[in-house]
Amino acid sequence: MGAGSAGCVVAARLSEDPSRTVLVLEAGPAAFDDTRVLDPTRMPVGPGSDLAIDYPVELMSDTRGSVSRGRVVGGSGAVNGAYFVRAPDADFARWPASWSADEVLPWFRFLEHDRDFTGPRHGADGPVPVERRDAERFDGVGAAFADVALAAGFGWIADLNDGGDAGVGPVPLNVASGRRASTAHTHLRPALGRTGLTLRPRALVHRIAFEGNKVRGVVWSEGAGERLVLTNRVVLAAGAVETPALLQRSGVGPVNVLVRQGIPVVADSPNVGRDFTDHPEMLVPFMFPDGRDATDVSAPVVEVVLNVGDCEIRPYTAPFGDLVPGSGVSEWQLGVGLMRADSVGAVEIVSADPSARPSVRYGYLRSGRDRDALGEGMTVAREILSTKQFGGGRPGGGHVASPAARLSTAAHLCGSCRMGTDADSVVDERGRVRGVDGVFVADSSVIPVVPTRGPHATVVMVAERIAAFLAAPAGADTVHL
Ligand SMILES: Cc1cc2nc3c(=O)[nH]c(=O)nc-3n(C[C@H](O)[C@H](O)[C@H](O)COP(=O)(O)OP(=O)(O)OC[C@H]3O[C@@H](n4cnc5c(N)ncnc54)[C@H](O)[C@@H]3O)c2cc1C
C-alpha cells in the first residue's frame, strides 16, 4: 500500500508473475501526464498543492517547521528535485551485512540506465534513466558556484555515483528528454495492463486488520465509509512518515503510544517510528547580481553540488518562490545540508483517525558535533557567497545577513521502521515486520541510517531488492540478479 517511489517498484515487480494478484492502494491521485509531475525544474509541493501533503514538525525543541511528502502515484519521487545519487559505499557499513556495498551494487546497476557512464559500476538496461547536465550548460548560479569551488581547490567529480567523498560535480538526475522519470513512469505505468495488477488511486489505507498476530486484511476507504479487503500478505510502502503511523494504528508499535490512543495491542514493537534520521538543512539567502535573467528555465532544481566535510552545499537554480510554486520565498538560497548527523527523531500518532497527521519530532542540532559540522559547512557557503562571482563586495551581491539563514529539513526522512538483524529492529533483512505474520515494509522507513546523499536512488534500490525477496520461492536463502 502506497504507490510512491518504492511502492511503484514493488507493485511492478510482483505483478510480473501473472499468477499473483496485486492490489495497490494509494492515497493520492494518478497524475501520470500532469505537467507538474513531469517538469523537473519545479517541485509542486507548495501550499494548496493537490500532489503533496505538508506535516507540521518540530525541528528543534524551540523551532517549528514543516516537511512535505508527495501524495500522488509516484509519491515524493514524483514531486522531488530529481537528484538521483547513490549512497556511497561507506554508508553500507551501518547496514546489515547482507546489505553490504558489494551486495547492493548489482541492484543499483539493475535499476538504472546511465546515459553518461558505463563500466562495472553502471547499468545500461535498467528502467530509470540517469543523466547529468553538461557543465557547459550550467545556469548562472550553477556556473558561478562550480567556478568558485574549483578555484578554491575542490576536485571535480564527474560521476557522483562513483565518486570520492569531497569535491564538486554535476548531479545525476532521473530525467530523460527534459522530463522527471519517477517510478510511476519507469516501473508502474508500463505494468498497468497486467491482469493481476489493480491500482486504486485516492484510496486511503486506515489500518491492517489482524487475527491474532496474522494478517487478515486491510481496512481502507475511498471517500466516506470503510472497506475491508482480505489478504494474507501486506506490503507497506507509505513512506517514512505514514508507514510507522499505519503500523501504530494497526496495533504494532510502542505500547504506551497504542494505549494512549485506545488501540488494541497486536505486537509491542517499541521502535516503530523511533530514531528516524534526516538531513538538517540551513538555507542561506543571497542576492545574485545577475538576477533572474541568468536563470536557465530548463535548469533542474539543483544541477551541481559540493561535498565538503559532513556537508553538502546546493546552489538552488532559482529562488524557492519559483522552484516551489506558492511558497512565496523570493530570495536565492544556498542549501547547506548536514549529511552525517547524530540527531534522531520520532513519528507518533496523535489519534487513531487515519486522516490525522502524526507528530514528527526531529531533535535537530542537539549534539555539539552536529552544530560544529553544520557551522563548518556554513563557513564554506559564506566564503563562496563573498566571491566576486556572487557579487561579493558589490552592492546587491553576495551574502545577505537579513533575513538570516533558516533551519529547515531536506525532507530525506529515513529509518522510522529500521531494518536490522537485532531483535530491536522493526523489520528483518528482508523487510518482514517482527512480531507479526504477513506484513512487510519496503520503503525509506527501513533504511537504517539516512544515506549521506539524497536518498531517492537508494530507496529505489531497496524496493527492487525487497521486491525480489518477496517474489522468491518460499525458503530461498538469497536472491540473485
Ligand atoms: C519536496 C521533496 C524533494 C525531494 N528531493 C529529493 C531529491 O532531489 N533527491 C533525493 O534523493 N531525494 C529527494 N527527496 C526525498 C525522496 O523523494 C524520498 O526519500 C523518497 O521519494 C521516499 O520514497 P518512499 O517510497 O519511501 O515514500 P513516498 O515516495 O513518499 O511514497 C509514499 C506513498 O504512500 C502514499 N500513502 C501514504 N499514506 C498512505 C495511506 N494511508 N494510504 C494509502 N497511501 C498512502 C503517499 O501518498 C505516497 O504516494 C525529496 C522529497 C521531497 C518531499
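All values reported here derive from a predicted model rather than from experimental measurement.

A few words on the site of the ligand. Taken together, 37 residues sit near the ligand, with S5, E26, S76, S444 and H456 positioned nearest. N80 is positioned such that a nitrogen or oxygen atom in its side chain is 3.0 Å from an oxygen atom of the ligand. Here A82 contributes a backbone N or O atom positioned 3.4 Å from an oxygen atom of the ligand. In the complex, 96% of the free accessible area of the ligand, which totals 1,000 Å², lies under the protein chains. Elements represented by at least two residues in the shell around the ligand include exactly α1 (5-14), β3 (63-70), β10 (204-211), α6 (239-249) and α10 (456-471). Take the shell around the ligand: its biggest share by element is 3 residues, from β3. Tallied by class, residues from the shell around the ligand come to 17 nonpolar, 15 polar and 5 charged.

With that settled, consider the UniProt feature "binding site: FAD" (unreviewed entry) in the protein. In this numbering, the UniProt entry assigns the feature "binding site: FAD" (unreviewed entry) to V72 and V205. With the annotated positions falling across 134 residues, the maximum pairwise C-alpha distance of 14.0 Å places them together in a single cluster. Structurally, the position occupied by V72 is in the loop between β3 and α3 (101-111). Setting aside its immediate chain neighbours within four residues, V72 contacts A3, E26, G28, P29, A31, L51, A78 and V79. For V205, a relative accessible area of 8% puts it in the buried group. Not counting chain neighbours up to four residues away, the residues in contact with V205 comprise M1, L25, V218, V219, W220, L246, R249 and P354.

Attention shifts here to α6. For α6, a buried count of 11 out of 11 residues is recorded, marking the element as mostly surrounded by other parts of the structure. Backbone geometry just after α6 places G251 at a positive phi near 95°.

Moving on: the pairing of β3. Successive residues of a regular strand alternate their side chains across the two faces of the sheet. As paired strands, strand β2 (residues 52-60) and β3 are joined by 8 bridges and run antiparallel to one another. Looking at β3, one finds that A52 is bridged to G70. Taking the residues that link successive antiparallel strands as the turn, the β2-β3 hairpin has 2 residues.

It is at 8 Å that the axes of α1 and helix α5 (residues 183-191) come closest, and there the two elements cross at 30°. As far as their axial angle goes, α5 and α1 are roughly parallel. Crossing hand, α1 versus α5: left-handed. Residues S5, C8, V9, A11, A12 and R13 of α1 pack against T183, A184, H187, L188 and A191 of α5. Looking at side-chain class alone, the contact of α1 with α5 contains 7 nonpolar, 3 polar and 1 charged residues.

Further remarks concern empty space enclosed by the protein. All told, the structure shown has 2 cavities of 30 Å³ or more when counted by the stated rule. Volume-wise, the largest cavity comes out at about 40 Å³. Lining the largest cavity we find R86, A87, D89, A101, V104, L105, F108 and R121. For the lining of the largest cavity, the residue count by class is 5 nonpolar, no polar and 3 charged. Of the voids in this model, the second largest cavity is the one considered here, and its volume is about 30 Å³. Forming the walls of the second largest cavity are D165, N307, V308, G309, D310, C311, M339, R340 and R453. Here the residues of the lining of the second largest cavity sort into 3 nonpolar, 2 polar and 4 charged.

Reported here for the second largest pocket is a volume of approximately 480 Å³. In this structure, the second largest pocket is lined by 21 residues; those nearest its centre are T21, V22, L23, R233 and V235. Of all the secondary-structure elements, those providing two or more residues to the lining of the second largest pocket are α1, β1 (22-25), β12 (227-230) and β13 (234-236). Taken together, the residues that form the lining of the second largest pocket break down as 14 nonpolar, 5 polar and 2 charged.

Reading the values: the criteria
Residues numbered from 1 in each chain as written. Predicted model: local features only at pLDDT ≥ 70, side-chain atom pairs only at ≥ 80, totals over all residues. Heavy atoms only, no water. Near = heavy atom within 4 Å. Polar contact = N/O pair within 3.5 Å; in protein donor to acceptor, adjacent residues only side chain to side chain. Areas by Shrake-Rupley, 256 points an atom, 1.4 Å probe, with all protein chains shown as cover. Helix = DSSP H or I, 4+ residues; strand = E, 2+ residues; numbered from the N terminus. Nonpolar A, V, L, I, M, F, W, Y, C, P; charged D, E, K, R; others polar. UniProt positions renumbered as here; feature names shortened; annotations may be inferred. Contact = heavy atoms within 4.5 Å. Buried < 20%, exposed > 50% of the residue type's maximum accessible area, 1.4 Å probe, protein only. Pairing = 2+ DSSP bridges. Axes fitted to C-alpha atoms, helices over the stretch in contact; angles between N-to-C directions. Parallel < 35°, antiparallel > 145°, perpendicular 65-115°, else oblique. Left-handed = near helix turned anticlockwise from the far one by under 90°. 1 Å grid on protein atoms, 1.4 Å probe; cavity = no way out; pocket = protein on both sides within 12 Å on 5 of 7 lines; lining within 4 Å. Points joined across faces, edges and corners; volume = space filled by probe spheres on them.

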